[in-house]
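What follows is each chain in one-letter form.
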Amino acid sequence: MPAYHPPRIAAGEITPESIFLNRRGFLAGAGAAGLLAFGSSVPAGAAALKASESRFSTDEKLTSEDDVTAYNNFYEFGLGKGDPKAKSGKFKPTPWTVKVDGMVSKPREFGLEELLAFPLEERIYRMRCVEAWSMVIPWAGFPLAALLDKVEPLGSAKYVAFETVVRPDEMPGQGGFFQSLAWPYVEGLRLDEARHPLTILALGLYGKTLPNQNGAPVRLVVPWKYGFKGIKSIVRITLTDKQPPTTWNIAAPNEYGFYANVNPAVDHPRWSQASETRIGEGGFFGANRRPTLPFNGYEEEVAKLYAGLDLKANF
Ligand SMILES: Nc1nc2c(c(=O)[nH]1)N[C@H]1C(S)=C(S)[C@@H](COP(=O)(O)O)O[C@H]1N2
Ligand SMILES: [Mo]
């Protein structure tokens, strides 16, 4: 598996300060204890999260925490990249429950405390936005499959639909006269995509609970798909036998399909998808553009999910 390398830092080298600041400049894992422990560095409002290291992490250089939390897409808080951080201060991610229903034997709600009680793993993933920029983010989360197992999907279930909270009083992009998107923001996956081990529900990043702008308190992360699949601030997950509607497909069906697999061979109607800019490395149009990889570099793990599917027609 050339795309992945196990963490290479020895347990004895780990101190809390070194966890995100080790000599190589990327997070290599938390050693034999398998813990991320943050003390003094946790700002108010964020709680430290413990997560074990994962074989699914990339060893690419991390995007800085400042960039990960200040350059965001979260239209519920506005259209600008700085809006989610600047305008999400009123949003209250606790208390929180996620309702899981539809074609399952055991529909139920999960409180945030129950979600945090799943064994959390740190997953350092390459992330690729459809806007042709990318980041490397240390998420903390657990496989969505573990949650689905608890509700026992029926044999007839073929897809999983997701829904973001609607709170115009706390989310300024949802209020007012001009509506950028139809709310709630919705997304969907095929059941086999949802159950793939790379697909996680994330509860944290950089060793702390998610900041509001990144989708607090719980969001989806699907690293081989464009970022818009990673629906934030989820309140409902529904198993269904019909392909679910997705927000960007509703907004612009010729530009955004259901699958949204990162595919450098299928250009967006208005720009190329062949290359990308890594945020923080400078020069959006400069020499720092790097080629975009099929399935965002996760081809070896996920290409088999799409055997026989025409990936140009099913974009
Ligand atoms: N509810 C909701 N989820 C969303 C979005 C949004 O506008 N609303 N934007 C998507 C897009 S386009 C991207 S690229 C990612 C960005 O996640 P990040 O800000 O944590 O990097 O969130 C996705 N999830
Ligand atoms: Mo995006």
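Fair warning: this is a prediction, and the values are worked out from it, not measured in the lab.

Quick look at the overall build of the protein
- When helices and strands are tallied, the protein shows seven helices and 12 strands.
- Within the protein, buried positions represent 52% of all 315 residues.
- Of the contacts formed within the protein by residues at least 6 apart in sequence, a portion of 70% connects residues at least 24 apart.
- In the structure as shown, the protein presents an accessible area of about 13,600 Å², 58% of it carried by carbon and sulfur atoms.

Remarks on unusual backbone geometry
- Along the chain, T94 connects to P95 via a cis peptide bond; the corresponding omega equals -10 degrees.
- Cis geometry is adopted by the peptide bond preceding P217, which originates at A216 and carries an omega value of -5 degrees.
- Looking at the secondary structure, you find P217 in the loop between strand 8 (208–209) and strand 9 (219–221).
- In the Ramachandran plot, A132 falls in the positive-phi region, its phi being about 75 degrees despite a non-glycine side chain.

Digging into a nonpolar patch on the surface
- Together, L79, F177 and F178 give the surface a local cluster of nonpolar side chains, amounting to about 440 Å² of exposed area.
- Mapped onto the elements, F178 comes out in the loop between strand 5 (159–164) and strand 6 (186–190).
- Judged by its relative accessible area of 59%, F178 is exposed.

Details of the sheet that holds strand 6
- Strand order in the open sheet made by the five strands is 2-1-10-5-6, with mixed pairing throughout. Every interior strand has two partners, whereas the edge strands, strand 2 (108–111) and strand 6, have only one. Strand-to-strand twist across the sheet, computed as the mean angle between neighbouring axes with direction ignored, equals 20 degrees.
- In this sheet, strand 2 lies alongside strand 1 (residues 97–102) in antiparallel orientation, the contact comprising four bridges. Bridged to V100 within strand 2 is R108.

Things to note about the pairing of strand 7 (residues 200–205)
- Most of strand 7 sits out of view: six of its six residues are buried.
- Examined bridge by bridge, strand 4 (residues 133–143) and strand 7 share five bridges and lie antiparallel to one another. The residue bridging G141 from the neighbouring strand is A202, located in strand 7.
- Bridge count for strand 7 against strand 9 is three bridges, and the pairing is antiparallel. Following the sheet pairing, I200 is matched in strand 9 by V221.
- In sequence, strand 7 turns back onto strand 8 through a hairpin of two residues, with Y206 there showing a positive phi of about 50 degrees.

A few points about the site of ligand 1
- Taken together, 15 residues lie near ligand 1, and N72, Y75, E76, G230 and K232 sit nearest.
- Side-chain polar atom of N214 to an oxygen atom of ligand 1: 2.9 Å apart, as the coordinates give it.
- The contact in question runs from an oxygen atom of ligand 1 to an N or O atom on the side chain of K232, over 2.7 Å.
- Relative to its free-state accessible area of 540 Å², ligand 1 is covered by the protein chains to the extent of 96%.

Considerations on the packing of aromatic side chains
- For the structure on display, the rule yields 15 aromatic pairs.
- Note on Y71 and W133: the rings are 5.1 Å apart at their centroids and 85 degrees apart in plane angle, and the pair reads as edge-to-face. With Y71 in the loop between helix 1 (65–70) and helix 2 (83–87) and W133 in strand 4, this pair connects stretches of sequence that are 62 residues apart.
- Given the relative accessible area of 25%, Y71 is considered partly exposed.
- Centroid distance F74 to F77: 4.8 Å. Interplanar angle 90 degrees. Geometry classified as edge-to-face.
- Among the residues examined, F74 registers a relative accessible area of 3% and is labelled buried.
- The class for F77 is buried, based on a relative accessible area of 0%.
- Through pairs of rings, three or more aromatic residues link up here, namely Y75, Y226, F228, W248 and Y256.
- A cation over an aromatic ring shows up here: R108 above the ring of F110, its NZ or CZ 3.8 Å from the ring centre.
- The ring of Y298 has R126 sitting right over it, with the charged end atom 4.6 Å from the ring centre.

The rules behind these values
Residues numbered from 1 in each chain as written. Chains lettered and ligands numbered in written order. Predicted model: local features only at pLDDT ≥ 70, side-chain atom pairs only at ≥ 80, totals over all residues. Heavy atoms only, no water. Helix = DSSP H or I, 4+ residues; strand = E, 2+ residues; numbered from the N terminus. Buried < 20%, exposed > 50% of the residue type's maximum accessible area, 1.4 Å probe, protein only. Contact = heavy atoms within 4.5 Å. Areas by Shrake-Rupley, 256 points an atom, 1.4 Å probe, with all protein chains shown as cover. Patch = residues over 30% accessible without salt bridge, like charges linked within 9 Å, V, L, I, M, F, W, Y side chains within 5 Å. Salt bridge = Lys/Arg side-chain N within 4 Å of Asp/Glu carboxyl O. Pairing = 2+ DSSP bridges. Axes fitted to C-alpha atoms, helices over the stretch in contact; angles between N-to-C directions. Near = heavy atom within 4 Å. Polar contact = N/O pair within 3.5 Å; in protein donor to acceptor, adjacent residues only side chain to side chain. Phe/Tyr/Trp six-rings, centres within 6.5 Å; stacked < 30°, edge-to-face > 60°. Lys NZ or Arg CZ within 6 Å of the ring centre and 35° of its normal.

Shape descriptors only; they carry no functional weight alone.
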